[in-house]
Amino acid sequence: MSSSRLRLKNKTAIVTGGGTKSALVGTGQAIAILYAREGARVLLMDIDEANALKTQETIRKEGGEASVFVGDVSRHEDCQAMVNTAVSRYGSLNILFNNVGISRPGTAVDVKEEDWDTVLDVNLKSVMLTSRHAIPMMIEGGGGTIVNVSSIDGLRAGWSRNISYAAAKAGVIGMTRNMAIQHGRDNIRVNCIAPGHLNASLTSGLSESHREMRRRANALGTEGTAWDVAWAAVFLASDESRWITGVVLPVDAGTLAAHPLSIMPRDNTGILPDPDIDLHFPA
């Protein structure tokens, strides 16, 4: 690809959670690598320097430009320093990708209060804090784009008992829509990706049977990877999506497109409901 066709040429991007802690590629890592391949200068923000350095090494080996900032996205001071560092190193800030996410188990009746607070801080409060400092810099530079990561769990109740995660990810969607309206006239676009059942670093500990169940729950019958999310992230950060803001883009192999029963005839389970029977009650 010639340099004149790079989709993010001369842009500066911050990717939070840009490292990876496992052998599997994480979403932040994949996004940072693709952003760099498309010409962006990337600041990798991660709480673990070693994880971020893995991504930086990959980008630099490919001839891209990336540096590391170590910090905690749930801390105001760290988010402010992160944005200032990006502008100091690269002269501008054009793209903010809010990728950091964690999960803790629990329903409303048994979730630990400290787990609830931690998940809401890391997954939701962080989006506010990073945006609070990024938006003024983007305005100063003539505009920019923010892409937030939610989840299909923020749109529909999932199988997992992870109420704090679901609440936080639903909150990210609400914030995305509000920020898109509040800062659209500042030439700042704000969009959201809702990943489905990926095989990535965050889910690296799942059993094969659990992964198989997740594969069978979507329309395509396949498992997603961090790269599937990353390509959507490139589109939403590029000028190709210049007239798109305030949207939630599921990257989920059609999981949200169907009623669960519609998957069953294609699931090879031996349970085949008659598709000609109308199971809806009459009006």
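All values derive from a computational prediction rather than experimental measurement.

**Observations regarding the overall build of the protein chain**
Piece 1. If you tally the helices and strands in the protein chain, you get eight helices and seven strands.
Piece 2. Out of the 283 residues belonging to the protein chain, those deemed buried represent 49%.
Piece 3. In the protein chain, 75% of the contacts between residues at least 6 apart in sequence involve partners at least 24 apart.
Piece 4. With the model as given, the accessible surface of the protein chain reaches about 14400 Å², and the carbon-plus-sulfur share is 53%.

**Some thoughts on the environment of Val 119**
Piece 1. Within the secondary structure, Val 119 is located in helix α4 (residues 113–140).
Piece 2. As for Val 119 and Tyr 165, which are separated by 46 residues in sequence, their C-alpha atoms are 6.3 Å apart.
Piece 3. In this structure Val 119 touches Ile 102, Ser 103, Arg 104, Leu 124, Ser 164, Tyr 165 and Ala 168, once residues within four positions along its chain are discounted.

**Examining helix α1 (residues 27–37)**
Piece 1. Among the 11 residues in α1, 10 count as buried, and that is most of the element.
Piece 2. Of the residues making up α1, those classed as buried are Thr 27, Gly 28, Gln 29, Ala 30, Ile 31, Ala 32, Ile 33, Leu 34, Tyr 35 and Ala 36.
Piece 3. Here the buried face of α1 lies against β1 (12–16), β2 (41–46), α2 (49–61), β4 (95–98) and α7 (226–237).
Piece 4. Following α1 by one or two positions, Gly 39 adopts a phi angle in the positive range, close to 105°.

**Things to note about the pairing of β2**
Piece 1. When you tally the buried positions in β2, you get six out of six residues, the bulk of the element.
Piece 2. Residue alternation in β2 divides its side chains into two sets, Arg 41, Leu 43 and Met 45 and Val 42, Leu 44 and Asp 46, and both sets are buried.
Piece 3. Pairing analysis gives five bridges linking β1 to β2, with the strands arranged parallel. By the bridge assignment for β2, Ala 13 is matched with Val 42.
Piece 4. As defined by bridge partners, β2 adjoins strand β3 (residues 65–70) across six bridges and the pair is classed as parallel. The residue of β3 that forms the bridge with Arg 41 is Glu 65.
Piece 5. In this region the chain leaves β2, passes through α2 and returns to the parallel neighbour β3; the handedness of that crossover is right-handed.

**A look at the packing of aromatic side chains**
Piece 1. Under the counting rule described, the total for this entry stands at one aromatic pair.
Piece 2. Relative to Phe 97, the ring of Tyr 35 lies with its centre 6.4 Å away and its plane at 80°, an arrangement referred to as edge-to-face. In this pair, Tyr 35 sits in helix α1 while Phe 97 sits in strand β4, placing the two residues 62 residues apart along the sequence.
Piece 3. Classification of Tyr 35 by relative accessible area gives buried; the value is 0%.

**Structural notes on the packing of α1 against α2**
How two helices pack is summed up by the angle between their axes together with the distance between the axes.
Piece 1. Contact geometry of α1 with α2 gives a least axis separation of 10 Å together with a crossing angle of 25°. One element, α1, and the other, α2, form an angle in the roughly parallel class. You can see that α1 and α2 cross each other, and the crossing is right-handed. Contacts from Gln 29, Ala 32, Ile 33 and Ala 36 in α1 reach Thr 55, Thr 58 and Ile 59 in α2.
Piece 2. Each residue belonging to the contact of α1 with α2 can be placed in one class, and the counts come to four nonpolar, three polar and no charged.

**Remarks on the pattern of salt bridges**
Piece 1. Applying the stated rule across the entire model yields five salt bridges.
Piece 2. Note that Glu 62 and Arg 37 form a salt bridge whose closest N and O atoms lie 2.7 Å from each other. Here Arg 37 lies in helix α1 and Glu 62 lies in the loop between α2 and β3, a separation of 25 residues in the sequence.
Piece 3. With relative accessibility at 42%, the residue Glu 62 sits in the partly exposed group.
Piece 4. The closest approach of N and O atoms between Glu 77 and Arg 75, which form a salt bridge, is 3.6 Å.
Piece 5. The partly exposed category is assigned to Glu 77, whose relative accessible area is 45%.

**Side note on the environment of Ser 151**
Piece 1. Secondary-structure assignment places Ser 151 in the loop between β5 (144–149) and α5 (163–183).
Piece 2. Judged by relative accessible area, Ser 151 falls into the buried class, the value being 5%.
Piece 3. Taking C-alpha positions, Ser 151 is 9.0 Å from Val 251, a pair spaced 100 residues apart along the chain.
Piece 4. Residues within four places of Ser 151 in sequence aside, it is in contact with Tyr 165, Lys 169, Ile 193, Ala 194 and Pro 195.
Piece 5. Separated by 3.0 Å, the side chain of Ser 151 and the backbone nitrogen of Asp 153 make a polar contact.

**Some words on the confidence of the model for the protein chain**
Low pLDDT means the predicted coordinates in that region are not meant to be read closely.
Piece 1. Of the residues in the protein chain, 87% have a pLDDT of 70 or more, and the chain-wide mean is 89.
Piece 2. In this model, residues 271–283 is a region of pLDDT below 50 whose contacts with residues beyond four sequence positions or in other chains number six contacts.

Cut-offs and rules
- Residues numbered from 1 in each chain as written.
- Predicted model: local features only at pLDDT ≥ 70, side-chain atom pairs only at ≥ 80, totals over all residues.
- Heavy atoms only, no water.
- Helix = DSSP H or I, 4+ residues; strand = E, 2+ residues; numbered from the N terminus.
- Buried < 20%, exposed > 50% of the residue type's maximum accessible area, 1.4 Å probe, protein only.
- Contact = heavy atoms within 4.5 Å.
- Areas by Shrake-Rupley, 256 points an atom, 1.4 Å probe, with all protein chains shown as cover.
- Pairing = 2+ DSSP bridges.
- Right-handed = clockwise from strand over helix to strand, strands pointing away.
- Phe/Tyr/Trp six-rings, centres within 6.5 Å; stacked < 30°, edge-to-face > 60°.
- Axes fitted to C-alpha atoms, helices over the stretch in contact; angles between N-to-C directions.
- Parallel < 35°, antiparallel > 145°, perpendicular 65-115°, else oblique.
- Left-handed = near helix turned anticlockwise from the far one by under 90°.
- Nonpolar A, V, L, I, M, F, W, Y, C, P; charged D, E, K, R; others polar.
- Salt bridge = Lys/Arg side-chain N within 4 Å of Asp/Glu carboxyl O.
- Polar contact = N/O pair within 3.5 Å; in protein donor to acceptor, adjacent residues only side chain to side chain.
- pLDDT = per-residue confidence, 0-100.

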